[in-house]
Amino acid sequence: MGKKQKKEVEASPKDAFNTLIIESKNMQTVVLMLDSPEDEILLKACEAIYKFAEKGDENKMILLALGAVPKLAKLISHDDKQIHMYATMGFGVMATNSEVRKSIRQLDFLPSIIACLAPDDDVVVHELATLCLSSMSVDFTSKVEIYEKGGMGPLIQLLSSPDPDVQKNSIECISNLVKDYVCRVALNKMNGIYPVLNLLNSEYPVIQQLALQTLITVSSDAGSRKALFQNEGHETLLQVLDTPEFSDLHADALHVLANCLEEAQNVTIIRESGALEKFLLFLAASSFPEAQRHATNAITRSARNSETRNIFHQEGLEKVLVMLLGINNDAVKIAACEAVSVMCASDSSKEAFRTEEAIFQIVPLLTSDSVEMREAATLALANLTTANSSNASAVFDAEGVEPLVKLLTEPVDGIVINAAATITNLALQEPIRASIQNCGAMTAIVEPLKSTNTSVQSKAALLVASLACDVIGRAELRNVGGLEPLVELLHSTNDEVKRNACWAVLVCGKDEPTTAELCKLGALDILQEINLSSSHKNNFSDAAVKRLLDHNAALKYCLTGYLSFDDIITDGFYDPGQIKPSMKVLTLEEHSNQEVNQHRPILLINAKRADGHQMAGLPIEEKLTEAPLAVSNRFPSSKANSKDKPSSKGRSRGKKEEEKVKEEQSHAKTEEEERNKPWECPYDVLFDAYLSEITRNILPLISTKEQIVALAMFVSEKMGGPISKEKLHEFTWELHIAELKFELKSNIIPIGKIQKGIYYHRALLFKALADRIGISCSLVRGEYNRAWNEVMLVDQSAQDVTGLFIPPTKYIVDLVHQVGSLMRTDSPDAAHYESFTTCKHTPCKCCKQLSWYLDHFERK
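Residues numbered from 1 in each chain as written. Predicted model: local features only at pLDDT ≥ 70, side-chain atom pairs only at ≥ 80, totals over all residues. Heavy atoms only, no water.

### Some words on the overall build of the protein
Turning to step 1, where the next piece is worked out: Secondary structure assignment for the protein yields 51 helices and eight strands.
Turning to step 2, where the next piece is worked out: Counting every position in the protein, which comprises 860 residues, the buried fraction comes to 50%.
Turning to step 3, where the next piece is worked out: Taking contacts inside the protein between residues at least 6 apart in sequence as the whole, the part at least 24 apart equals 68%.
Turning to step 4, where the next piece is worked out: Per element, the accessible surface of the protein, about 42000 Å² overall, is 51% carbon and sulfur. (Helix = DSSP H or I, 4+ residues; strand = E, 2+ residues; numbered from the N terminus. Buried < 20%, exposed > 50% of the residue type's maximum accessible area, 1.4 Å probe, protein only. Contact = heavy atoms within 4.5 Å. Areas by Shrake-Rupley, 256 points an atom, 1.4 Å probe, with all protein chains shown as cover.)

Take a look at the structure:
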């Protein structure tokens with residue numbers, strides 16, 4: 001019964017739905033039709049949406065708002081080819097809108113779109129599917145997704161499509177994809193370089209442009225560059241350059257070729273094929289500054305390899321770079337200057353640049369308004385002039401000194417560094433150095449010395465070292481206040497800055513005024529600290545200490561305990577005793593300000609009065625009447641303490657009060673004047689008298705030996721006469737020294753005041769007098785208050801007998817025991833004389849007694 005009724009229903013004509021033709025002018029209705037189960041309605045709806053969306057972005061936004069995007073995405077994979085085609089076309093057109101793409105990213109549609117790239121699909125489908133992928137590939141997240149979903153392979157296949165639109169969309173999509181490193185590697189592995197190169201032969205410029213853009217990106221990867229050469233890509237690119245009709249492609253073609261110059265092997269291949277010469281010609285003659293800039297930058301990177309640099313030199317790159325320096329484009333000039341800098345690593349290139357007059361092209365760039373231009377130009381000149389005096393002269397001839405000096409005051413560190421390096425190279429030549437100083441280089445270098453940039457500090461210190469090698473340069477540096485920041489650089493924790501600062505101090509210490517200023521600023525103390533550190537000490541720091549001490553005999557003697565034959569004791573010399581390197585060395589004025597103490601006295605050598613007048617030519621009797629007995633304002637007499645005593649013992653008690661007040665005011669005024677009076681070095685009238693006496697009596701002696709013996713006897717006579725070793729402990733020189741300190745109310749004792757002197761007193765006096773009359777001798781400090789003088793003498797009798805030159809022998813002059821005797825330094829007597837600790841025999845009685853006495857005195 002049921003089966004019969006069913007057949008009747010199916011056969012009933014009144015239940016059948018008649019065909020309905022729908023016409024709609026409302027897009028919302030059409031979007032609703034995308035949900036229809038009927039293929040014919042779906043086809044008409046997809047076609048209508050495609051045509052509507054194609055008309056503009058406003059229509060695309062309407063469709064997006066109506067929810068058409070997800071419905072179209074579902075229909076892309078429809079079984080009906082027509083529906084599939086129009087859905088893909090509509091979806092592809094809508095994907096060109098950025099707002100639509102944001103919505104599309106939320107959908108899992110890519111597998112369906114990529115499936116549309118199958119070879120058996122319709123060309124129109126290919127076109128719109130690749131359009132969709134091209135639009136989506138603009139965004140980074142979509143790049144990764146297209147690659148991960150397997151879109152790269154089908155896109156590469158479609159590069160060979162006969163349809164130019166498909167080619168255009170495909171290469172555009174690939175051009176976007178290869179901006180990601182993973183996609184670049186994938187393109188090379190999938191052999192995608194060759195089909196991209198083939199697109200350069202396309203009839204359509206837009207396809208050629210996209211292919212070159214792809215190659216520019218791809219050629220930044222070494223593996224892709226290798227594949228490019230394996231497919232003879234350089235030949236294809238040269239064909240583009242050789243074709244005048246492709247002039248709009250020349251810039252990108254140059255860019256690709258330039259990227260291929262990264263490897264020396266590629267440069268060799270290009271050169272062997274003759275392409276390198278053509279490339280350089282196109283680079284020089286190109287009318288596209290941007291292409292020239294890119295190509296020059298690539299050459300700069302490539303030229304860092306010595307092999308490539310040599311090839312470029314052989315191909316005449318220097319001439320091309322000089323031509324680029326003349327182009328009216330700042331970016332190209334900057335790139336050319338940077339290339340020049342790198343090429344200067346080769347000496348042959350430096351010579352070639354001078355021959356091509358590159359320096360005369362670069363010097364005017366120093367005054368450019370562009371900061372980058374000035375920095376690149378100074379770098380080029382710095383490298384051109386390094387170890388090349390001819391190029392340095394060329395910079396001078398091109399009038400580059402003045403602008404370089406002005407650049408030292410630039411706020412840009414890079415410019416200052418390069419300018420300082422260039423000026424340092426130029427200053428190696430004396431005529432140019434004078435010109436540099438005349439331009440005010442010493443004044444300009446002060447601020448770089450104060451910089452916080454270690455590279456600036458290092459170059460500035462090096463520049464000071466190159467400019468301060470003459471008296472004028474050092475004087476100017478002192479006058480402009482450059483020594484203080486230079487000394488501060490000695491504190492730097494940067495090894496290069498510290499080393500260059502030590503070098504500069506070493507050079508500056510060639511004259512006494514500069515040395516005195518450096519020591520005043522604490523340079524010597526800092527250098528000594530550096531030398532105490534094994535990690536910070538350097539050759540320059542050690543040499544700088546020696547140089548500073550060479551011009552300050554007092555400091556040298558108290559620090560090293562030795563004055564050589566070349567060291568001269570002058571007025572103002574003082575000996576405070578041996579000082580440890582880590583201790584501060586006080587000045588003579590600072591010593592004079594101290595209270596009288598029980599420490600070792602400071603011995604002073606000074607035959608110069610405060611008014612600068614010396615009385616070396618007067619007899620001793622006149623000197624003693626003309627000058628005070630070595631008492632200055634720093635040696636107050638006992639009368640200075642008489643202010644509390646009555647001014648006149650015989651004054652009556654009825655003295656008026658007014659006179660007392662006046663006297664007290666006058667006394668206070670005198671004391672105030674004494675306090676305000678500037679400190680003066682005490683004048684030693686007796687030492688001055690000694691100079692007159694030895695000048696009259698000892699200087700006229702014929703032989704040096706006679707002069708030495710006579711001077712030794714003179715010193716011994718003034719210091720208490722000879723002392724036998726057995727009675728050395730009875731020689732009460734300590735009491736005499738203590739009395740002098742009490743008499744002078746000072747720790748400073750002029751050497752002429754000492755009438756009982758031991759070893760170190762006599763040795764100092766001997767050296768001071770010998771230096772004044774031209775007897776060459778040294779002064780050596782020993783232990784236990786010992787010191788001695790060494791002289792060099794030639795055995796004239798032996799020389800006369802042999803007729804040969806006999807080198808002089810070193811002797812120690814005995815000033816204490818057998819006065820005037822000369823002991824060879826290698827004799828036992830000399831060893832005993834020098835030090836108790838170096839005696840090669842059992843210490844004698846006098847040694848033991850004197851050792852005990854000195855220890856007892858020091859403790860006391």
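And the narrative resumes.
### As for helix H24 (residues 330-343)
Turning to step 1, where the next piece is worked out: Compared with an ideal rise of 1.5 Å per residue, which puts 14 residues at 20 Å, H24 spans 20 Å between its outermost C-alpha atoms and is within 8% of the ideal.
Turning to step 2, where the next piece is worked out: Of all 14 residues making up H24, eleven are buried, and the element is well covered by its neighbours.
Turning to step 3, where the next piece is worked out: For H24, the complete set of buried residues consists of Val332, Lys333, Ile334, Ala335, Ala336, Cys337, Ala339, Val340, Ser341, Val342 and Met343.
Turning to step 4, where the next piece is worked out: The elements touched by buried residues of H24 are helix H21 (289-302), helix H22 (306-314), helix H23 (317-325), helix H25 (347-355), helix H26 (358-362) and helix H27 (371-385).
Turning to step 5, where the next piece is worked out: The distance from a side-chain oxygen at the start of H24 to the backbone nitrogen of alanine 331 is 3.1 Å, and the residue carrying that oxygen is asparagine 329. (Expected span 1.5 Å × (residues − 1). Polar contact = N/O pair within 3.5 Å; in protein donor to acceptor, adjacent residues only side chain to side chain.)

### Describing the packing of aromatic side chains
Turning to step 1, where the next piece is worked out: Per the stated rule, a full pass over the model turns up four aromatic pairs.
Turning to step 2, where the next piece is worked out: Each ring, one from tryptophan 733 and one from tyrosine 760, has its centre 6.3 Å from the other, and the planes form 85 degrees; the classification is edge-to-face. Placement of the pair is tryptophan 733 in helix H47 (residues 733-744) and tyrosine 760 in helix H48 (residues 759-773), with a sequence separation of 27 residues.
Turning to step 3, where the next piece is worked out: Residue placement shows lysine 745 over the ring face of phenylalanine 742; its charged tip is 4.2 Å from the ring centre. (Phe/Tyr/Trp six-rings, centres within 6.5 Å; stacked < 30°, edge-to-face > 60°. Lys NZ or Arg CZ within 6 Å of the ring centre and 35° of its normal.)

### Digging into the pattern of salt bridges
As a working rule, side chains carrying opposite charge can pair if their charged atoms are close by.
Turning to step 1, where the next piece is worked out: The full count for this structure, using the stated rule, is 23 salt bridges.
Turning to step 2, where the next piece is worked out: Between lysine 406 and glutamate 402 there is a salt bridge, with its nearest N and O atoms 3.6 Å apart. Taken as a pair, lysine 406 and glutamate 402 lie in helix H29 (residues 401-407) at a separation of four residues, close to a single helical turn.
Turning to step 3, where the next piece is worked out: Among the salt bridges present, the one from arginine 781 reaches aspartate 575, with a minimum N-O distance of 2.9 Å. Separated by 206 residues along the polypeptide, arginine 781 in strand E5 (residues 777-781) and aspartate 575 in strand E2 (residues 573-575) bring together distant segments of the chain. Assigned by exposure class, arginine 781 and aspartate 575 land together as buried.
Turning to step 4, where the next piece is worked out: Salt bridges sharing common partners tie together Arg474, Arg478 and Asp511. (Salt bridge = Lys/Arg side-chain N within 4 Å of Asp/Glu carboxyl O.)

### Brief notes about the nonpolar core
Turning to step 1, where the next piece is worked out: Membership of the largest hydrophobic core comes to 222 residues, with the highest contact counts inside it found for Phe279, Ile436, Leu490, Phe687, Leu711, Phe766 and Leu769.
Turning to step 2, where the next piece is worked out: Once residues within four sequence positions are removed from consideration, phenylalanine 766 is found in contact with Ile708, Leu711, Ala712, Val715, Cys777, Asn789, Val813 and Leu815. (Core = buried A, V, L, I, M, F, W, Y, C linked by side-chain atoms within 4.5 Å.)

### Notes on the packing of helix H9 (residues 123-136) against helix H12 (residues 164-177)
Turning to step 1, where the next piece is worked out: Running from N to C, H9 and H12 point in directions that differ by 25 degrees, and their axes come no closer than 8 Å. Of the possible angle classes, the one that applies to H9 and H12 is roughly parallel. Like other packed secondary-structure pairs, H9 and H12 cross with a definite hand, here left-handed. Side by side, H9 and H12 meet where Val123, His126, Glu127, Thr130, Leu131, Leu133 and Ser134 of the first sit next to Asp165, Val166, Asn169, Ser170, Glu172, Cys173 and Asn176 of the second.
Turning to step 2, where the next piece is worked out: Class assignment for the residues of the contact of H9 with H12 results in five nonpolar, six polar and three charged. (Axes fitted to C-alpha atoms, helices over the stretch in contact; angles between N-to-C directions. Parallel < 35°, antiparallel > 145°, perpendicular 65-115°, else oblique. Left-handed = near helix turned anticlockwise from the far one by under 90°. Nonpolar A, V, L, I, M, F, W, Y, C, P; charged D, E, K, R; others polar.)

### Describing the side chain of lysine 143
Turning to step 1, where the next piece is worked out: With respect to the helices, strands and loops of the structure, lysine 143 is situated in helix H10 (residues 140-148).
Turning to step 2, where the next piece is worked out: On the basis of relative accessibility, which here comes to 7%, the residue lysine 143 falls in the buried class.
Turning to step 3, where the next piece is worked out: Sequence-distant contacts of lysine 143, that is, excluding residues within four places in its chain, are made with Ser137, Val138, Asn176, Leu177 and Lys179.

### Some points on the pairing of strand E7 (residues 809-813)
Turning to step 1, where the next piece is worked out: Here strand E6 (residues 787-793) runs beside E7; their pairing, made up of five bridges, is antiparallel. Opposite glutamate 790, over in E7, you have isoleucine 812 as the bridge partner.
Turning to step 2, where the next piece is worked out: Both E7 and strand E8 (residues 822-824) contribute to a ladder of three bridges, which runs antiparallel. Within E8, the residue paired with tyrosine 811 across the bridge is arginine 824. (Pairing = 2+ DSSP bridges.)

### Let's talk about the sheet that holds E8
Pairing between the strands of a sheet comes from backbone hydrogen bonds, and it takes one of two forms, parallel or antiparallel.
Turning to step 1, where the next piece is worked out: Here we have five strands laid out as an open sheet, ordered E1-E5-E6-E7-E8, and antiparallel in their pairing. Edge positions in the open sheet fall to strand E1 (562-563) and E8, since each of these has one partner strand only.
Turning to step 2, where the next piece is worked out: Taken together, the five bridges between E5 and E6 define a ladder with antiparallel strand orientation. Along E6, the bridge assignment pairs valine 780 with tryptophan 788.
Turning to step 3, where the next piece is worked out: Packing of helix H46 (residues 704-718) onto the sheet brings it into contact with E6, E7 and E8, and relative to E6 it is tilted by some 165 degrees.

### Topic: the sheet that holds strand E3 (residues 602-605)
Turning to step 1, where the next piece is worked out: With mixed pairing, the three strands of this open sheet are ordered in space as E2-E3-E4. Because the sheet does not close on itself, it has two edges, and the strands there are E2 and strand E4 (748-750). Sheet twist, expressed as the mean angle between neighbouring strand axes with direction ignored, is 30 degrees.

### Digging into the environment of alanine 377
Turning to step 1, where the next piece is worked out: In this structure, alanine 377 sits in helix H27.
Turning to step 2, where the next piece is worked out: On the basis of relative accessibility, which here comes to 0%, the residue alanine 377 falls in the buried class.
Turning to step 3, where the next piece is worked out: Taking C-alpha positions, alanine 377 is 8.8 Å from asparagine 418, a pair spaced 41 residues apart along the chain.
Turning to step 4, where the next piece is worked out: Other than its neighbours up to four places away in sequence, alanine 377 contacts Cys337, Ile362, Leu365 and Leu366.

### Some points on the confidence of the model for the protein
Turning to step 1, where the next piece is worked out: On average, residues of the protein score 81 in pLDDT, and 78% of them reach the 70 mark or higher.
Turning to step 2, where the next piece is worked out: The model gives residues 1-12 a pLDDT under 50, and that stretch makes one contact with residues more than four places away or in other chains. (pLDDT = per-residue confidence, 0-100.)

### Comments concerning the pairing of E6
Turning to step 1, where the next piece is worked out: With six of seven residues buried, E6 lies mostly within the body of the structure.
Turning to step 2, where the next piece is worked out: The hairpin turn running from E5 into E6, its antiparallel successor, is five residues long, and tyrosine 784 in that turn takes a positive phi close to 55 degrees.

### Focus on helix H39 (residues 523-532)
Turning to step 1, where the next piece is worked out: By the criterion of burial, H39 is predominantly enclosed, with seven of the ten residues buried.
Turning to step 2, where the next piece is worked out: Elements that come into contact with the buried residues of H39 comprise helix H36 (483-488), helix H37 (495-508), helix H38 (512-520), helix H40 (539-550) and helix H41 (553-560).

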